[in-house]
Amino acid sequence: MLRWGWLAALLAIVIFVAGCSCSRSDADAVVEPASVVTPEQQSVESAKSSVELIQAKDYAASYRVLSATDQEKVTEEEWTRRCQEVEAIAGLVETYRVTGSRWLDEGHTIRAVDVEIEFSKLDEPITSTLFYEIKDGKAVQTMLWGRELRLAGDEQ
Amino acid sequence: MTRSKITTILLSAVLALAVLSVQPAAAETMKTPVLLVHGLNSDKQVFSGSGWTSGLSGPVSDPRGFTLLKGESGLFDEATPVYVVDYSGFEGAHGDIPASAQAVDWAISHIKTQTGADKVFVVVHSMGGLLTRVYLEGLGGLSYRRDIAGVVTLNTPHMGCEFSDSGGFGLNEAASRFTAGWSDSKAGQQMDPDSSFLGELNSTDYVDPTVPSTFVVGNHYPLLGDGLLTAWEQIPYMDSPSRLHRLGDYRIEFVDAVHSPEIGKLYYQAILAAEGKAAGAGPVLRPIVGTHEARAIAKAAYDRVATTNMVDGASTTFLVNGAPLDSVNGREFRLTAGHTYHFRLSSNAMFFIGSVENLEQLNQYYKDTSGSRSEWSLTVPWTTTYWVEWDSPATPDARVWISTTDVP
């Protein structure tokens, strides 16, 4: 009798695990594939990455994510010096959070991502903005030098 | 000479005179004056020696501590009167911002009197933009007279300055001394992003939303914008962009520049201090007023709005608008009461004029002067500013001439 009891319990566990695995499979069937990322989401993720590169003091990498146009206007050495000045004045990035993002122009080509950053030397967090040019579905960071824009409205 | 020949010559002369009388005569025009306005803890020197004006002369002073100076040629051509207002005599240019804004109000009035111009084009650095917006929005007890032709703000803390209430924001000793002077000041407190002053400024529209506005953003540093202001802080109405959209003509332009020479120098010294090195000269940084990009943006903005400017009463015939109309559906001009003016439109279109200051009587006046006609004369009832409007999409090439032989 005890042996049958164990077998029944084992069978119940197998059925339960199988059921769980079927449920997960069903769920996977209805969600969006992870590879589908909108330019808006991409710009937010890129902003997080950009801030984290500076947080990690990887200034060379933070230069490499700039648009080709920006890289033509500023050398990696100059960019690194600017990053070092920010570090010397404001300190290191301690924490950050994305507070919002919006289209910056009427043509919906520039995405602005607002980031609240706590620097180690500043008394209060500051609101910074990183800009991303959306080209062929990809978000590329830009400083917008030489660009002329009109805002696109309240949409976020 | 026979009588018939004499008659023919006389008739020809009369006809020629008649034709000439309806042709738009060569206009006696002047370029719209330019007013340069400095920022916090600054003075007139910020614009001199950096390509804006090559020298300053003829100061006119006001007991409130304001001084107006005439600029020598620089960015603008010889025909453009350039002025600089210096309000450092009022609490060191870090006093109450609405009170400081009286300097802009006063300077514009003075320039109009000196030149006879109806409007003045204003270029400002940093806090000077807040002073100008106080006037444009009719705040601080000021009444906007619709006399700004356009405005360009360079690195203005439209949304405030996070650093302003940080008591030196953790800078090294030298930098803290620089900022402590203004972070404790009245203007410094008003530039706190949470201040009631900025709350009111950014929740109030321009009195005249058609004033062309260009907002130049210094974006030199990663994350820190111009080193003092983030990019976000240099654009007005960012909490409610729809308010920005209500401006009829605005642009946002980005320049690789730091806020001021002082900021650039201090930052470099801070690096040296962090590295335990002695102070040094440092690299050449790019303060916004010293960049050719900022000057080019300001000049282009000026050229877009300052095509002609009427000289009232200085000639018997003058041109109000010599350039083909673009999307701007209106023009303003000043006429003298009791005098008869001749209006001519280059093509038939619905055309009317109205008085800016006599709004309660405008409806009656509108009915009297509207109509689908291209020429008529009118005796003006008030000495005031009038505007003309017409259906510019239907008549994109329309021009209007206003002439008189009646003004002494």
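Since we're looking at a predicted model, the values are computed, not measured.

## Here's the deal with the overall build of chain B
Looking only at helices and strands, one finds 11 helices and 16 strands in chain B. Out of the 408 residues in chain B, the part that is buried amounts to 54%. Nonlocal contacts in chain B, meaning residues at least 24 apart in sequence, comprise 75% of its contacts between residues at least 6 apart. Summing over all exposed atoms, chain B offers an accessible surface of approximately 16200 Å²; the carbon and sulfur share of this is 53%.

## Remarks on the overall build of chain A
The number of helices and strands found in chain A is 5 helices and 5 strands. Along the chain direction, N to C, the helices and strands of chain A fall in the order α-α-α-α-α-β-β-β-β-β. Counting across all 156 residues of chain A, residues that qualify as buried make up 40%. Put simply, of all contacts in chain A between residues at least 6 apart along the chain, 53% involve residues at least 24 apart. Within the structure as shown, chain A displays about 8800 Å² of accessible surface, and the carbon and sulfur contribution to it stands at 56%.

## Description of empty space enclosed by the protein
Counted by the stated rule, this structure contains 5 cavities of 30 Å³ or more. The calculated volume of the largest cavity comes to roughly 140 Å³. In this structure, the largest cavity is lined by 20 residues; those nearest its centre are L130(A), Q141(A), M143(A), P222(B) and L223(B). At the level of secondary structure, the elements contributing two or more residues to the lining of the largest cavity comprise α2 (39-55), β3 (126-135) and β4 (138-142) of chain A. Of the residues belonging to the lining of the largest cavity, the class tally is 11 nonpolar, 9 polar and no charged.

## What about the nonpolar core?
Among the nonpolar cores identified, the biggest contains 59 residues, and L35(B), I97(B) and M127(B) are the most heavily contacted of them. The element best represented in this core is helix α3 (residues 102-115) of chain B, accounting for 6 residues. With residues up to four places along the chain from it excluded, the contact list for I97(B) reads M127(B), L130(B), L131(B), V134(B), A187(B), Q190(B), M191(B) and F197(B). Counting 30 residues, the second largest nonpolar core, distinct from the first, contains V51(A), Y59(A), M143(A) and V258(B).

## Notes on the sheet that holds strand β6 (residues 148-154) of chain B
As a general point, the strands of a sheet are linked pairwise by backbone hydrogen bonds and lie either parallel or antiparallel. Strands sit in the order β5(A)-β8(B)-β7(B)-β6(B)-β5(B)-β1(B)-β4(B)-β3(B)-β2(B) across an open sheet of 9 strands; the sheet is mixed. Whereas interior strands pair on both sides, the edge strands pair on one side only; in this sheet they are β5 (148-149) of chain A together with β2 (56-62) of chain B.

## Focus: α2(A)
All names here are of chain A. In this model α2 runs 24 Å from its N-terminal to its C-terminal C-alpha over 17 residues, within 8% of the 24 Å that 1.5 Å per residue would give. For α2, the set of buried residues is Q42, S43, V44, S46, A47, S50, V51, L53 and I54. Looking at the buried positions of α2, the neighbouring elements they touch are α3 (59-64), β1 (93-103), β2 (110-119), β3 and β4.

## Observations regarding the pairing of strand β1 (residues 34-37) of chain B
For a regular strand, side-chain orientation follows a simple rule: the groups alternate between the two sheet faces. Residues and elements named next belong to chain B. Because side chains alternate across β1, one face comprises the buried residues V34 and L36, and the other comprises L35 and V37, equally buried. When β1 meets strand β4 (residues 82-86), the two strands line up parallel, connected through 4 bridges. In the strand pairing of β4, L35 is matched with Y83. As defined by bridge partners, β1 adjoins strand β5 (residues 120-125) across 4 bridges and the pair is classed as parallel. Residue pairing in the sheet places L36 in a bridge with V123 of β5.

## Structural notes on the pattern of salt bridges
Residues and elements named next belong to chain B. Applying the stated criterion across every chain, the model contains 20 salt bridges over all chains. Where R64 meets D62, a salt bridge forms, and the shortest distance between an N and an O atom there is 2.7 Å. D62 sits in the buried class, given a relative accessible area of 14%. Note that R251 and D249 form a salt bridge whose closest N and O atoms lie 3.8 Å from each other. With a relative accessible area of 19%, R251 lands in the buried category.

## A short note on the packing of aromatic side chains
Summed over all chains, the structure comprises 7 aromatic pairs over all chains. Between F131(A) and F254(B), the aromatic rings sit 5.2 Å apart at their centres with planes inclined by 75 degrees, giving edge-to-face as the arrangement. Taken together, the residues span two chains, with F131(A) in strand β3 and F254(B) in strand β8 (residues 250-255). Judged by its relative accessible area of 3%, F131(A) falls in the buried class. Clustering of aromatic rings is evident, with ring pairs tying together F66(B), F90(B) and W106(B). Note that R111(A) overlies the ring of W103(A), its terminal NZ or CZ placed 4.8 Å from the centroid.

## Thoughts on the confidence of the model for chain B
All names here are of chain B. For chain B, the mean per-residue pLDDT works out to 74, and 61% of the residues sit at or above 70. Within chain B, the lowest mean pLDDT, 34, falls on strand β9 (residues 317-321), and the highest, 98, falls on helix α4 (residues 128-136). Low pLDDT, under 50, characterises residues 1-29; the predicted model gives this stretch 15 contacts beyond four residues in sequence or across chains. Confidence estimates for the predicted assembly give a pTM of 0.71 and an ipTM of 0.75.

Calculation criteria
Numbers given for residues are sequential positions, taken from 1 along each chain in its written order. Starting at A for chains and at 1 for ligands, labels are handed out in the order in which the entities are written. In keeping with the predicted nature of the model, local features appear solely for residues at pLDDT of at least 70, side-chain atom pairs appear and are counted solely at 80 or more, and the whole-chain, interface and lining totals rest on all residues. Note that water and hydrogens are dropped before the side-chain values are worked out from all heavy atoms of the structure. Segments assigned H or I by DSSP are reported as helices when at least four residues long, segments assigned E as strands when at least two residues long, and all are numbered from the N terminus. Burial status follows relative accessibility: with a 1.4 Å probe on protein chains alone, a residue under 20% of its type maximum counts as buried, one over 50% as exposed, and anything between as partly exposed. Contacts were defined at the residue level, with two residues in contact if any of their heavy atoms lie within 4.5 Å. The protein chains shown are the only cover counted for residues, whose accessible areas, like all others here, come from Shrake-Rupley with a 1.4 Å probe. Detection works on a 1 Å grid of protein atoms alone, calling trapped sets that fit a 1.4 Å probe cavities and calling open sets with protein on both sides within 12 Å along at least five of seven lines pockets, with lining residues defined by an atom within 4 Å of a point. Grid points are joined across faces, edges and corners, and a volume is the space filled by probe spheres set on the points. Classification convention: Asp, Glu, Lys, Arg as charged; Ala, Val, Leu, Ile, Met, Phe, Trp, Tyr, Cys, Pro as nonpolar; all other residues, Gly among them, as polar. Each nonpolar core is a collection of buried residues, namely Ala, Val, Leu, Ile, Met, Phe, Trp, Tyr and Cys, held together in the definition by side-chain atoms within 4.5 Å. Any two strands with at least two DSSP bridges between them are considered paired. A helix is expected to reach a length of 1.5 Å times the quantity of its residues less one. Within this document, salt bridges are pairs made up of a side-chain nitrogen of Lys or Arg and a carboxyl oxygen of Asp or Glu, the two lying within 4 Å of each other. Side-chain rings of Phe, Tyr and Trp, where Trp is taken by its six-membered ring, are said to pair if the distance between their centres is within 6.5 Å; with planes under 30 degrees apart they count as stacked, over 60 as edge-to-face, and otherwise as tilted. Charge-over-ring contacts are defined here by two conditions on Lys NZ or Arg CZ: a distance within 6 Å of the ring centre and an angle within 35 degrees of the ring normal. pLDDT expresses how confident the predictor is about each individual residue, on a scale running from 0 to 100.

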